[in-house]
Amino acid sequence: MSGEYGRAPLPGFENTVVHRLDSRSDADLAALPMTVKVLLEGLLRAAAAGRVKEADVAALARWPEPPPPDAELPFTPARVLLQDFTGVPAVVDLAAMRSAMERAGRDAGRIDPLVPADLVIDHSVQVDVFGSLRAYDSNIVREYERNHERYALLRWAQQGFNSFSVVPPGMGICHQVNLEYLAKVVQVREQGGGPRGSSAEHGQEGGRPPSEQAGVRLLIPDTLVGTDSHTTMVNGLGVLGWGVGGIEAEAALLGQPMFLTSPIVVGVKFHGALRPGATATDLVLTVTEMLRKHGVVNKFVEFCGSGLSSLSVPDRATLSNMCPEYGATSALFPVDAQTLRYLELTGRDPEQIRLVEAYCREQSLFRTDESPTPSFSELLELDLATVEPSLAGPRRPQDRHSLPDVWTSFTEVFGEPPPDEPGNGPARMDDEGGTTEERLKEAGAAGGGVATAVRAGAKVADGSVVIAAITSCTNTSNPSVMVAAGLLAKAAVERGLEVHSHVKTSLAPGSRVVTDYLKNAGLMEYLEKLGFYLVGYGCTTCIGNSGPLASPEIEQQVIDGNLSVAAVLSGNRNFEARIHPLVKASYLGSPPLVVAYALAGNLRKDLTTEPLGTDRDGKPVLLSEIWPSPELVAQTVGEAVRQEMYTREYAKIFEGDENWRKMDAPTGASFAWDQSSTYVQEPPYFQDFQAEPNPPGDVVGARCLVMVADSVTTDHISPAGSIPADSPAGKYLIEHDVEKIDFNSYGARRGNHEVMVRGTFANIRLRNELAGGKEGYWTTHQPDGEEMTIYEASVRYREEGTPLIVIAGKEYGSGSSRDWAAKGPLLLGIRAVIAESFERIHRSNLVGMGILPLEFSAGESRQSLGLNGREKFTIRGFGELSPRQRLTVDVEGPDGARKSFSVTARLDNETDIEYLRHGGVLPMVLRDLMTRA
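What this report covers is the structure whose coordinates are included nearby.

The next thing to look at is the side chain of Glu180. Note that Glu180 resides in helix α5 (residues 174-182). Notably, Glu180 is buried but unbridged: the nearest opposite-charge side chain belongs to Arg348, and the N-O separation is 7.5 Å. Within the local environment of Glu180, its side chain forms a polar contact with the side chain of Ser511, the two groups lying 3.0 Å apart. There is a polar contact of 2.6 Å between the side chain of Glu180 and the side chain of Tyr650. Setting aside residues up to four positions removed in sequence, Glu180 forms contacts with Tyr342, Thr346, Arg348, Ser511, Val513, Tyr646 and Tyr650.

To continue, consider the packing of helix α10 (residues 337-345) against helix α11 (residues 350-362). Where α10 meets α11, the axes come as close as 10 Å, and the angle between the chain directions of the two elements is 165°. Put simply, α10 runs roughly antiparallel to α11. Where α10 crosses over α11, the two elements pack in a sense that is right-handed. Residue-level inspection shows Leu340, Leu343 and Glu344 of α10 in contact with α11, the latter providing Ile353, Val356 and Glu357.

The next thing to look at is the pairing of strand β30 (residues 852-856). The element β30 is largely enclosed, with a buried count of five among its five residues. The side-chain alternation of β30 yields two buried faces, one formed by Leu852, Leu854 and Phe856 and the other by Pro853 and Glu855. Sheet topology places strand β29 (residues 830-835) next to β30; four bridges connect them, and they run parallel. Of the residues in β30, the one forming a bridge with Ile834 is Leu854. For the handedness criterion, the β-α-β arrangement of β29, helix α29 (residues 840-848) and β30 is classed as right-handed. Across three bridges, the pairing between β30 and strand β33 (residues 898-905) is antiparallel. Pairing of Phe856 across the sheet is with Val903, part of β33.

Before going further, it helps to examine the pattern of salt bridges. Counting across every chain of the model gives 51 salt bridges. Notably, a salt bridge pairs Arg146 with Asp128, separated by 2.7 Å at the nearest N-O pair. One end of the pair, Arg146, is in helix α4 (residues 135-160); the other, Asp128, is in the loop between β5 (117-120) and α4, with 18 residues separating them in the sequence. The exposure class of Arg146 is buried, given its relative accessible area of 9%. Asp128 gets classed as buried once you look at its relative accessible area, which sits at 6%. Taken together, the shared-partner salt bridges in this structure form one network comprising Arg843, Glu855, Arg884, Arg906, Asp908 and Asp912.

Here we have seven strands rolled up into a closed barrel, ordered β25-β28-β29-β30-β33-β32-β31, and mixed in their pairing. Taken over all neighbouring pairs, the strand axes of this sheet differ in orientation by 40° on average, direction set aside. Of the strands in this sheet, β25 (699-707) and β28 (804-807) touch helix α27 (residues 790-800), which is tilted by about 170° from β25.

Attention now moves to the sheet that holds strand β10 (residues 223-226). Pairing within the open sheet is parallel, and its five strands lie in the order β6-β5-β4-β10-β11. If you trace the sheet from one side to the other, it starts and ends with β6 (164-167) and β11 (240-243), each paired once. Between one strand axis and the next, the sheet turns by 20° as a mean value, whatever way the strands run.

Okay, helix α3 (residues 84-103) next. End to end, α3 covers 27 Å across 20 residues, agreeing with the expected 28 Å (1.5 Å per residue, within 8%). Extensive coverage of α3 is indicated by the burial of 18 of its 20 residues. Between a side-chain oxygen at the N-terminus of α3 and the backbone nitrogen of Phe85 the separation is 2.7 Å; the capping residue is Gln83. Phi turns positive, to about 75°, at Gly105, one or two residues after α3.

Let us look at the packing of aromatic side chains. Going through the model one piece at a time under the given rule, you end up with 20 aromatic pairs. Taking 5.2 Å as the distance between ring centres and 0° as the angle between the ring planes, the aromatic pair formed by Tyr181 and Tyr650 counts as stacked. Pair noted here: Tyr181 is in helix α5 and Tyr650 is in helix α22 (residues 643-650), with a separation of 469 residues, a long-range link. Taking relative accessible area as the criterion, Tyr181 reaches 6% and is therefore assigned buried. Measuring from ring centre to ring centre gives 5.4 Å for Tyr777 and Trp778, while their planes differ by 35°; the resulting arrangement is tilted.

Reading guide: rules and limits
- Residues numbered from 1 in each chain as written.
- Predicted model: local features only at pLDDT ≥ 70, side-chain atom pairs only at ≥ 80, totals over all residues.
- Heavy atoms only, no water.
- Helix = DSSP H or I, 4+ residues; strand = E, 2+ residues; numbered from the N terminus.
- Buried < 20%, exposed > 50% of the residue type's maximum accessible area, 1.4 Å probe, protein only.
- Lys, Arg positive; Asp, Glu negative; His and termini not counted.
- Salt bridge = Lys/Arg side-chain N within 4 Å of Asp/Glu carboxyl O.
- Polar contact = N/O pair within 3.5 Å; in protein donor to acceptor, adjacent residues only side chain to side chain.
- Contact = heavy atoms within 4.5 Å.
- Axes fitted to C-alpha atoms, helices over the stretch in contact; angles between N-to-C directions.
- Parallel < 35°, antiparallel > 145°, perpendicular 65-115°, else oblique.
- Left-handed = near helix turned anticlockwise from the far one by under 90°.
- Pairing = 2+ DSSP bridges.
- Right-handed = clockwise from strand over helix to strand, strands pointing away.
- Expected span 1.5 Å × (residues − 1).
- Phe/Tyr/Trp six-rings, centres within 6.5 Å; stacked < 30°, edge-to-face > 60°.

What is shown is where atoms sit, not what they do.
Here it is, written out as structure tokens:
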């Protein structure tokens, strides 16, 4: 017998309760996608707690029937996952809210996470030193030198907030740590108490196993949101979660639900199995291309079909990790036998594994090959046997190319280079002579904390590969592709192949377990002989922390020749100027293909027909000759990967190294702001804070600060890479006595709004249509047309009392879930963004900062309306908004001519309207807490 909203015991587990999905007679569980079932379970709990109406539960239970107009779908995650690039500004905001509470005479401790949170420091290590055994130690020491102020803030947060844990640097990437350790699949909550089985308790297994816990225990699906879009990687384990901006994550931490629309769930049905030579990376690039073409923005993706049985959890995680690249909210794989196998391999408690299986079977959340295909909103199918080796690039992850077409994809973007350019022929040794081993010995002695020395005479040309990085959470979670890279390296070394010295090679795994099993398999030594030494456990190259190229001479050649050189990386992002400011072309590929292109040295070769180089006997070596067979990869993985590796590494996950343990950090309820810090400053959002919000005024006589075309990413709006010395942010740092060598990156400086507002729209590849054809951080001030930086123009407009807008094309704000892509525009004075369409996370972030996102009417755009950005814009109706209300934009041209057009206010629910009325979600939460303090 079920209690209120299906509350009943779980058979076989004492003192447990679940909210049974089968208690709903209005729900066809066999037909509902797993995604909908997980959301429905959350609504059952919310209804039992009196937070939602029965009508809301019924509306989702009858999915896919359209819900009533007033139905709400609040989502409250079980936990929040943070990484340091987005986690630092989140902590800064929470610290600023505590300071505001203190100034108001209230209890600062009221600002405290109500949902458990884990922050993994993984985005700050840079590849300064590479190609030697000392690379890892040198890079992590430099990481602490650069980031001491940021890390001290996080140490403060660790002691100042409840249910807040920090994984120190050098332990792994947040998504992989989440997959291998933090995720529980089923969470346990003691009634009337905090979470059990959560990492917030800092135990080796995150708390006592369920059988040992006292009291009644509520079992719930493990759900989360994370401040990195690749939070979706854990969907491969059957855990529903997705990336949000730091603003949304802060609201979630403070107990604010996220309001979803009725979910559109796109099913992807797999048949068969991958053929020899094709990897999970090739599959994910194929699926990314397929789903981008289909269109899954603002939709949930769910995988099904018998083909799932041939895909391991690491394979699945690779697919789910790239969910932001195909634009979906999440990409869920159901829990099944592969899930249980992975939980066992990674050392989860046996009682927890038994609980996962029992709960998921009882709740119809367990998949078998006999499971019926759910009734999806849309269904796509793919035969896994059709997947072929591929790269994606040179600028977008959805632009997949089979290996024979890679060079064509390059020349279509950058043009055909002259035929007599150097560095194009096959080689065993470098064109300038010397063996790889000799060069790496020189590199190890080079010193200086910079890239390796390269022999004089090394030449690069258009299409030369200058960065080859095995990096990022996308692939390093997957032993099959990592072992394949090691086996390929072994075969290459045995044949006498070497890497050209102009190629900067690096290995940055997602967890320490990766190097454990590579060493156990005897493969690390071969990767190292080709230059793929361990440089750190973190995102490195994929986030833009690639460090300098192989030598200053190589960089100067690229600059002098304005060369279009390339990076090949096993990552997930390859947007313009992200990987390195001098690298115009970036291609994503599997780890073994990264090794292959490092050996080839350039993109001109068709690796399916042309040799990588020549062996010791002068014979050509084809990639197919040294590519490891699936049987060899599987055998090696089976022999090398051991459960004890996971249990050993994660037993010390929260300890940190000596650098972390001896670091000084402030303590107390409120953070002690250091006015001299160039990394962490109190943001202005809560200065002179009023108990009641001022009504949002209309936008009258606004000017366009930036006008851009399609697919402008959050990298363009809020760059993550290096800071040019002559940029507004660079000039600020120099004015504050920061040497260029200590600039660090934009991402590392996100705790200082003065740096970030100057870095907003400062990407050197930004094409602002108001910049007179120049790339970068330029615009023209109106109406005089004077050219200046975007930051300088914003300051002048503010002095003139002129509000600002942005006008854009399709998919505005795609890419990373970067809160500064909304915070920066707010501080620049931008009140509204008018675009043809928005990426989901960025739209939400804009609303969360009090900026109004507006969409052109279908079929209209800046071009069709004849807008050139020199006009004045007036938008009225801010005080009378309703969800998706139509508004009119009045336009006055430079010649006084007037016209108007209609837009849709992308405020999708009443909560969005409240956020805008308060000037953002954090001011709204702060006002609420102040009234209750």
